Structure formats: C-alpha cells, structure tokens
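Single-letter residue listing:
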Amino acid sequence: MTVEMIKKQLEAVLSPKRYIHSVNVMETAVSLAAKYGEDAGKAAVAGLLHDCARDVKADEAIRLCGVYGIKVDYISRMQPELLHGLLGEKLAGKLYGVNDPQVLRAIAIHTMGCPGMDLLGRIVLVADYIEPARTFPGADAMRKQAFENLDRAVLTALNSTIKYVIGKGGLLHTDTIETRNWILMELKKA
Ligand SMILES: [Fe+2]
Ligand SMILES: [Fe+2]
C-alpha cells in the first residue's frame with residue numbers, strides 16, 4: 001500500500017484530530033530520519049500508522065488482543081490505551097499490508113519504548129512527542145533537542161511520560177521504566 005492509500009484508509013477510521021496528529025508524526029519522523037540517516041520510507045509508514053489502533057475502544061482492544069494472541073498484562077488491563085502500540089502492530093500488518101519487521105516493531109513500542117530499541121523506534125517515539133501540534137510546556141526545547149541529540153530526546157520523552165503518569169495517579173508500565181534506565185546508561189557511555 002502506498003502512503004497515499006494508507007492515509008485515505010486511516011482518515012476513515014481515526015478522529016480528525018488523531019488523523020492530523022498521525023500525518024504530523026509521519027512528517028516529523030521523516031525529518032528526523034533525514035537528520036540521523038534512517039530510511040525515509042520506513043519512517044513515513046511507521047509514523048503514519050503508529051496510532052492506527054488508538055481509537056479502538058477499550059473492550060474491543062482487549063478482545064482483539066485475545067484474537068491476535070497479544071498478552072495483556074495487569075497494567076494494560078487497568079489502562080487498555082497502553083495496548084494501542086501492540087495492537088497497532090497487528091493492524092498495520094493485517095489492514096495496511098505492512099510487512100517490514102522494523103516498521104512493525106517501531107509501531108509496537110512507540111508508547112512505552114523497549115530497552116535496546118533501534119533508530120527507527122527512537123525516531124517514532126520522539127516524533128510522537130514533538131510533532132507541530134504538541135504544545136506542552138517545553139515542547140519547543142524538546143524539538144530543538146531532538147535534532148541535536150536523539151537519545152537525550154528519548155530520555156526527555158520517557159521522563160515526561162513517567163511524570164505525567166505519576167501526576168494522574170496511574171500505574172507506571174515497567175517497559176517505560178526499563179527503557180528510561182537503559183537510555184540513561186547509553187547516554188552515560190557516550
Ligand atoms: Fe500512541
Ligand atoms: Fe501518537
């Protein structure tokens with residue numbers, strides 16, 4: 001499927017706001033790919049489809065996880081929106097014809113990260129945070145940081161996620177904590 005075909009299909013299933021966000025993440029991911037030497041086509045598809053399962057209702061998401069054999073841990077059961085990465089990976093393959101394992105993986109881990117995540121995964125995670133419609137305090141600083149040191153931007157994004165989850169009294173996913181510790185150690189090595 002071409003990017004244009006994916007866009008059309010995505011526009012029909014996502015809310016207008018989510019669709020704009022998805023196109024923004026695609027464009028930002030392509031810019032980051034140019035900066036860091038990643039494949040632009042992979043960045044475009046992964047960015048465009050990263051939230052393809054985000055508007056699936058909680059009950060349906062849990063049901064589909066059963067259908068696709070996705071393990072639902074206790075944290076995700078309490079907060080089913082956390083499943084949209086893993087579910088998005090499956091939908092990207094089944095509904096949008098994506099078969100590149102690197103692209104599918106980047107979609108799967110875009111919310112919580114994964115220790116050892118590759119360049120494409122880091123690009124999509126950061127692009128999700130800094131796309132032009134994001135207006136949180138510090139967004140401009142993070143945009144600048146993303147083009148200076150991608151790993152620092154990954155750390156900033158994960159720190160920000162962790163603070164946000166604590167602020168709203170939610171459960172922290174262990175993947176996020178482990179990824180944050182991993183990228184911190186990577187930065188200390190550098
Ligand atoms: Fe997402
Ligand atoms: Fe997103």
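Up top you'll find the structure we're talking about.
Residues numbered from 1 in each chain as written. Chains lettered and ligands numbered in written order. Predicted model: local features only at pLDDT ≥ 70, side-chain atom pairs only at ≥ 80, totals over all residues. Heavy atoms only, no water.

Asks: Would you mind going over the nonpolar core with me for this structure?
Replies: The nonpolar side chains of a soluble globular protein tend to be buried with one another. In this structure, Leu10, Leu32, Leu49, Val98 and Val126 are the most contacted members of the largest nonpolar core, which totals 55 residues. The element that contributes the greatest number of residues to this core is helix H8 (residues 119-130), accounting for eight residues. With near-sequence residues (within four places) excluded, leucine 10 lies in contact with Tyr19, Ser22, Leu48, Leu49, Cys52 and Tyr96. (Core = buried A, V, L, I, M, F, W, Y, C linked by side-chain atoms within 4.5 Å. Buried < 20%, exposed > 50% of the residue type's maximum accessible area, 1.4 Å probe, protein only. Helix = DSSP H or I, 4+ residues; strand = E, 2+ residues; numbered from the N terminus. Contact = heavy atoms within 4.5 Å.)

Asks: Even after reading the chapter, I still don't get the coordination of the iron ion (ligand 2), so can you show me in this structure?
Replies: In a perfect tetrahedron of four donors around a metal, the angles come out at 109.5 degrees. In a perfect octahedron of six, they are 90 or 180 degrees. Protein coordination of the iron ion (ligand 2) is provided by His21 (NE2), His50 (NE2), Asp51 (OD) and Asp128 (OD), with donor distances spanning 2.2 to 2.3 Å. Angles of 81 to 175 degrees at the metal separate the four donor atoms of the iron ion (ligand 2), which places the site in the irregular class. Expressed as a motif, the donor residue spacing for the iron ion (ligand 2) is H-x28-H-D-x76-D. Here the iron ion (ligand 2) and the iron ion (ligand 1) are spaced 3.5 Å apart, and both take aspartate 51 as a donor. Of this pair, histidine 21 sits in helix H2 (residues 16-36) while histidine 50 sits in the loop between helix H3 (40-49) and helix H4 (58-68); the two residues are 29 residues apart in sequence, bridging distant segments of the chain. Taking the relative accessible area as the measure of exposure, histidine 21 reaches 8% and is therefore buried. (Donors = N, O, S within 2.8 Å, 3.2 Å for Na, K, Ca; no water. Tetrahedral: all angles 85-135°; square planar, octahedral: opposite > 155°, others 65-115°.)

Asks: Any chance you could explain the coordination of the iron ion (ligand 1) here in plain terms?
Replies: Looking at the iron ion (ligand 1), the protein donor atoms are Asp51 (OD), His84 (NE2) and His110 (NE2), and they sit 2.1 Å from it. Taken in chain order, the donor set of the iron ion (ligand 1) reads D-x32-H-x25-H. Overall, histidine 84 belongs to the buried group, its relative accessible area being 8%. For histidine 110, a relative accessible area of 2% corresponds to the buried category.

Asks: Please explain the layout of surface pockets as it appears in this structure.
Replies: The probe, sized like a water molecule, is rolled over the atoms to show the empty space still left. Of the voids in this model, the largest pocket is the one considered here, and its volume is about 960 Å³. Breaking the lining of the largest pocket down by element, the ones donating at least two residues are H2, H8 and helix H10 (150-167). Along the lines of polarity and charge, the residues of the lining of the largest pocket split into eleven nonpolar, eleven polar and nine charged. Taken as a whole, the second largest pocket spans an internal volume of roughly 180 Å³. Lining the second largest pocket are 14 residues, and of these Leu86, Ala108, Met112, His173 and Asp175 sit closest to its centre. (1 Å grid on protein atoms, 1.4 Å probe; cavity = no way out; pocket = protein on both sides within 12 Å on 5 of 7 lines; lining within 4 Å. Points joined across faces, edges and corners; volume = space filled by probe spheres on them. Nonpolar A, V, L, I, M, F, W, Y, C, P; charged D, E, K, R; others polar.)

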